[in-house]
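Residue strings, one per chain:
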Amino acid sequence: MRRTVFNEDHEAFRETIRAFIEAEVVPVYDEWFAAGQAPRDFYCKLGELGIFGISVPEEFGGAGMDTHKFEAVLYEETARAGVQFGGSGVHVLLALPYLKMLATDEQKKRYLPKFVTGEEMWAIAMTEPGTGSDLAGMKTTAKLSEDGSHYVLNGAKTFITGGVHADKVIVCARTAAPTAEDRRHGISLFAVDTKSEGYSVGRKLDKLGLKTSDTAELAFVDVKVPVEDLLGEENKGFYYLGHNLASERWGIAFGAYAQAKAAVRFAKQYVQERTVFGKPVAHFQNTKFELAACQAEVDAAEAVADRATEALDAGELTPAEAASAKLFCTEVAHRVIDRCLQLHGGYGYMNEYPIARLYADNRVNRIYGGTSEIMKTIIAKDMGL
C-alpha cells in the first residue's frame, strides 16, 4: 500500500538524516554504547542540523513548521540504522511542547534560541522514587519565599532521561497541598537551571536498554527558582501534564512501529546471509512464514502510526486514540522484535548485532508514557466501560 503521510520535503529530510547517521553516528556508536551516553557536543551537531528547531517559531531561530512528520522520519531512520540520538528525544518530544504552550514571550526569548542550537539541553522531571505513575502523589515541594522573588525547591526525582547532560529541567513540584476533592491540585511546573546551588545529579542509572540515553536521579536541596521561571499558572501543572500526553504517546507508538520495521529488515538480511545445513536460513519455510507474519503486523502498525500522525498534526488526536495507538504499536513491536531475534539464533543475543540492542531498547515502550495496562484503562473508559 502506498503511504501518503510524507511528502517530498520529508523525503529530502530523510536523505539528509540518513547521510548524517552514516557519517556522524554509526562509526562511533559502539563507543557511546560502552560509555552509556552520547557525548555532549553531539547535541550541538543536531542543533546545527536544524533538528531541534523544526517546530520552533522563526522569531526564536526555528523553522516554524507545525508538524510532527519530521520527528516521525527521525524515528524511522534511527531505528533503521540501529542507533539512538542519546537523550535528545526528550528535548524535543517532551520539553518543547511545554515551552511552546506555557512560556511567556519573555521566557521564550530567553529559552528557545539556545534550545534550537543545542547550547542548552532540556529534560523534564516528573517521576519520583516510590510514586511511579502516580504523579498526584509527588512529594517535591516549591515554596514561595517571603519576599515573593523566588520559590524554594526541595525533593527528588528519578528515571530522568537526559538528566545527566541537561542544562535546564522542567520540574514538577507541589506549590499547594492536595484537596480532599482533588489529589491532583497544587502541582506547578518550573524551568530550573541545573547550575543552581542545591541542585545535584545523583546516579546515572544503568538501564536494560537505551544505553546511549543518559538517565539520572536528581535531588533538590533549597534550590532557589526565580518566579520568572514558573511555567504557566501556579497549581495547574497536572492539567498541563495531561494536555501533552497525546503527543508523548504518539511518539512512543511511532518509535515502536519504526523499531518493528527495522527488526524485520535486520532479520531478513541476516537469514539471507546466514547458512545452516548447507542452505541459507531464508530458504526454510518456517523462516518465510515467520517473516511474512512479522511483515503483516508491521504493515498494520504502520497504518495505525500514520493515522495517529495525521490526527496529531490536525490537532485531533484524542487521549483514547493516542492510548490505542501506543498500546497496539508497542505490543506489535514486542512480538515482532522477539520473533526476529529468534531467527538470529544465538547471535541474536549478542550486543554486537543490532537486533539484540533493539530488543532491549524496545522493552521500555510498554512501560513509560503510561503502561500498557494504563492504556487499556483509558481505552475502556472511552468505550463507556
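Before reading further, recall that the structure is shown in the block above.
Residues numbered from 1 in each chain as written. Predicted model: local features only at pLDDT ≥ 70, side-chain atom pairs only at ≥ 80, totals over all residues. Heavy atoms only, no water.

## Structural notes on the overall build of the chain
Looking only at helices and strands, the chain features 12 helices and 10 strands. The globule rule puts the C-alpha radius of gyration for 385 residues at 21 Å, and the 21 Å found for the chain is close to it. Across its three principal directions, the C-alpha atoms of the chain cover 80 × 50 × 40 Å. Out of the 385 residues belonging to the chain, those deemed buried represent 51%. Partitioning the intrachain contacts of the chain with sequence separation of at least 6 by distance along the chain shows that 75% fall at a separation of at least 24. A total of about 18,200 Å² of accessible surface is found on the chain, and carbon and sulfur atoms cover 53% of it. Averaging the positions of the 43 positive and the 54 negative side-chain charges in the chain gives two centres separated by 6 Å. (Helix = DSSP H or I, 4+ residues; strand = E, 2+ residues; numbered from the N terminus. Rg over C-alpha atoms; globule rule 2.2 N^0.38 Å. Buried < 20%, exposed > 50% of the residue type's maximum accessible area, 1.4 Å probe, protein only. Contact = heavy atoms within 4.5 Å. Areas by Shrake-Rupley, 256 points an atom, 1.4 Å probe, with all protein chains shown as cover. Lys, Arg positive; Asp, Glu negative; His and termini not counted. Charge placed at Lys NZ, Arg CZ, Asp CG, Glu CD.)

## So, the pairing of strand S5 (residues 187–193)
The buried count for S5 comes to 6 of 7 residues, which makes it a mostly enclosed element. Pairing between S5 and strand S8 (residues 230–231): 2 bridges, direction antiparallel. What sits directly across from Leu189, in S8, is Leu231. (Pairing = 2+ DSSP bridges.)

## Let's talk about a nonpolar patch on the surface
Residues Tyr347, Tyr349 and Met350 make up a contiguous nonpolar surface patch of roughly 360 Å² in combined accessible area. Topologically, Met350 is positioned in the loop between helix H10 (319–343) and helix H11 (354–362). (Patch = residues over 30% accessible without salt bridge, like charges linked within 9 Å, V, L, I, M, F, W, Y side chains within 5 Å. Salt bridge = Lys/Arg side-chain N within 4 Å of Asp/Glu carboxyl O.)

## Brief notes about helix H6 (residues 105–117)
An α-helix turns once per 3.6 residues; consequently, residues spaced three or four apart project the same way. An ideal rise of 1.5 Å per residue puts 18 Å on 13 residues; H6 measures up with 19 Å between its terminal C-alpha atoms. At Tyr111, H6 shows its strongest bend, of approximately 30 degrees, with the proline Pro113 following within four residues. Within H6, burial applies to Gln107, Lys108, Tyr111, Leu112, Phe115 and Val116. The positive-phi residue at the C-terminal boundary of H6 is Gly118, with phi of around 85 degrees. (Expected span 1.5 Å × (residues − 1). Bend = angle between axes of the 7 residues up to and from the residue.)

## Quick notes on the environment of Leu218
Note on placement: Leu218 falls in strand S7 (residues 215–226). Accessibility expressed as a relative area gives 2% for Leu218, which makes it buried. When the C-alpha atoms of Leu218 and Gly163 are compared, they prove to be 7.5 Å apart, with 55 residues separating the residues in sequence.

## Some points on the pattern of salt bridges
Under the criterion given, the structure shown has 25 salt bridges. Linking Asp306 and Arg3 is a salt bridge whose minimum nitrogen-to-oxygen distance equals 2.7 Å. Pair noted here: Asp306 is in helix H9 (residues 285–313) and Arg3 is in the segment before helix H1 (8–25), with a separation of 303 residues, a long-range link. When its relative accessible area of 23% is taken as the criterion, Arg3 is described as partly exposed. Across the pair Asp193 and Lys168 runs a salt bridge whose closest N-O atoms are separated by 3.5 Å.

## Comments concerning the pairing of strand S4 (residues 168–174)
Across the 7 residues of S4, 7 count as buried, placing the element largely inside the fold. Of the two faces of S4, both are covered, the one formed by Lys168, Ile170, Cys172 and Arg174 as well as the one formed by Val169, Val171 and Ala173. Taken together, the 4 bridges between strand S1 (residues 122–125) and S4 define a ladder with parallel strand orientation. Counted as the bridge partner of Trp122 is Lys168 from S4. Where S4 meets S5, 7 bridges bridge the pair, whose relative direction is antiparallel. Among the inter-strand pairings, Lys168 is bridged to a residue of S5, identified as Asp193.

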